[in-house]
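The primary structure of each chain is shown beneath.
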Amino acid sequence: MEEKKAKLVFNAGVVRKLLKAGCRIIDVKADRDNKDKTVFVFERDEAFEKAFSDINEELKKSKEEILKIATDGAKLLNDMADQYGVNHQFEYSPESFTGTEIDYALEVCNAVIDIWKPTPERKVIINLPATVEMSLPHVYASQIEYMSKNLHDRENVVLSLHPHNDRGCGVADAEHGI
């Protein structure tokens, strides 16, 4: 049977989850075309499949547990990037941003930013999704504005919008969010 490999770039929480589940990292390297990207190559096996099925269990965790998952993952990615000597730019995305209390989303994002310590040369990307369009575009825009005004090291943070189009408001979300 041919060995299946997945060449993927994961967020910190997913990398942590895969490692905790016993997935084997085959390689960590910079992308050949862009030396500033970190590529984690995992063996796609039962542990890999189980890790993805278990990610939904994280939705049942407390706020403290979720914060710990995010910060542990951020620390892990720092350590791995340093260990393998890659110039990196990290991105964090609170998966259920529009369904989360805004102050808590800000707390988690700021905790991750504080660990990654962005600089003008190595900015952090904070991706804010409008998952399944839980709110109207003007509400999403207000959430984006609040986050933009209150994120730590804002001058070194790239704010990325990720609107979905489940109810046909994706374009309006993006326009209002900008």
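The structure contained in this document is the topic of the report that follows. (Residues numbered from 1 in each chain as written. Predicted model: local features only at pLDDT ≥ 70, side-chain atom pairs only at ≥ 80, totals over all residues. Heavy atoms only, no water.)

Structural notes on the packing of helix α5 (residues 137-150) against helix α6 (residues 170-177)
Remark: α5 packs on α6, axes separated minimally by 8 Å, with the N-to-C direction vectors making an angle of 35 degrees. For the element pair α5 and α6, the recorded crossing hand is right-handed. Residues Pro-137, His-138, Tyr-140, Ala-141 and Ile-144 of α5 form the contact with α6, whose participating residues are Ala-172, Asp-173, His-176 and Gly-177. Split by residue class, the contact of α5 with α6 holds 5 nonpolar, 3 polar and 1 charged. (Axes fitted to C-alpha atoms, helices over the stretch in contact; angles between N-to-C directions. Helix = DSSP H or I, 4+ residues; strand = E, 2+ residues; numbered from the N terminus. Left-handed = near helix turned anticlockwise from the far one by under 90°. Contact = heavy atoms within 4.5 Å. Nonpolar A, V, L, I, M, F, W, Y, C, P; charged D, E, K, R; others polar.)

A short note on the nonpolar core
In this structure, Tyr-92, Phe-97, Trp-116, Ile-126, Leu-128, Met-147 and Leu-151 are the most contacted members of the largest nonpolar core, which totals 27 residues. When contributions to this core are tallied by element, the ones reaching two or more residues are α3 (63-84), α4 (102-116), β5 (124-130), α5 and β6 (157-163). Counting residues per element, this core draws most heavily on α4, at 9 residues. Setting aside its immediate chain neighbours within four residues, Phe-97 contacts Ile-102, Ala-105, Leu-128, Pro-129, Tyr-140, Gln-143, Ile-144 and Met-147. (Core = buried A, V, L, I, M, F, W, Y, C linked by side-chain atoms within 4.5 Å. Buried < 20%, exposed > 50% of the residue type's maximum accessible area, 1.4 Å probe, protein only.)

Side note on α3
For α3, which comprises 22 residues, the first-to-last C-alpha distance of 32 Å matches the rise-based estimate of 32 Å (1.5 Å per residue) to within 8%. Listed as buried for α3 are Ile-69, Ala-70, Thr-71, Gly-73, Ala-74, Leu-77, Asn-78, Met-80 and Ala-81. After α3 finishes, the residue Gly-85 shows a positive phi value of roughly 65 degrees. (Expected span 1.5 Å × (residues − 1).)

Considerations on the sheet that holds β5
The strands making up a sheet associate through hydrogen bonds between their backbones, and the pairing can be parallel or antiparallel. One open sheet accounts for 3 strands, arranged β4-β5-β6; its pairing is parallel. The sheet is open, and its two edges are formed by β4 (91-92) and β6, each paired on a single side. Of the pairings in the sheet, the one linking β4 to β5 comprises 2 bridges and is parallel in character. Opposite Glu-91, over in β5, you have Ile-125 as the bridge partner. Those strands touched by α6 are β5 and β6, and its axis lies near 155 degrees from that of β6. (Pairing = 2+ DSSP bridges.)

Brief notes about the packing of aromatic side chains
As enumerated under the stated definition, the model contains 1 aromatic pair in all. Residues Phe-90 and Trp-116 carry aromatic rings whose centres are separated by 4.8 Å and whose planes lie at 35 degrees to one another, so their mutual orientation is tilted. Note that Phe-90 is positioned in the loop between α3 and β4 and Trp-116 in helix α4, a separation of 26 residues in sequence. As far as the burial class goes, Phe-90 and Trp-116 line up, both buried. (Phe/Tyr/Trp six-rings, centres within 6.5 Å; stacked < 30°, edge-to-face > 60°.)

Quick notes on the pattern of salt bridges
Scanning the model with the defined rule gives 3 salt bridges in all. With its nearest N and O atoms 2.7 Å apart, the salt bridge here joins Lys-68 to Asp-72. A residue pair is termed a helical-turn pair when its members lie 3 or 4 positions apart in one helix, as Lys-68 and Asp-72 do in helix α3 at 4 residues. Ionic pairing is found between Glu-145 and Lys-149, a salt bridge with its closest N-O pair at 3.2 Å. One end of the pair, Glu-145, and the other, Lys-149, are both in helix α5, 4 residues apart, so they sit about a helical turn from each other. Judged by relative accessible area, Glu-145 falls into the partly exposed class, the value being 43%. (Salt bridge = Lys/Arg side-chain N within 4 Å of Asp/Glu carboxyl O.)

Describing the pairing of β6
Pairing of β5 with β6, which is carried by 7 bridges, proceeds in the parallel orientation. Counterpart to Ala-130 in the pairing with β6 is Pro-163.

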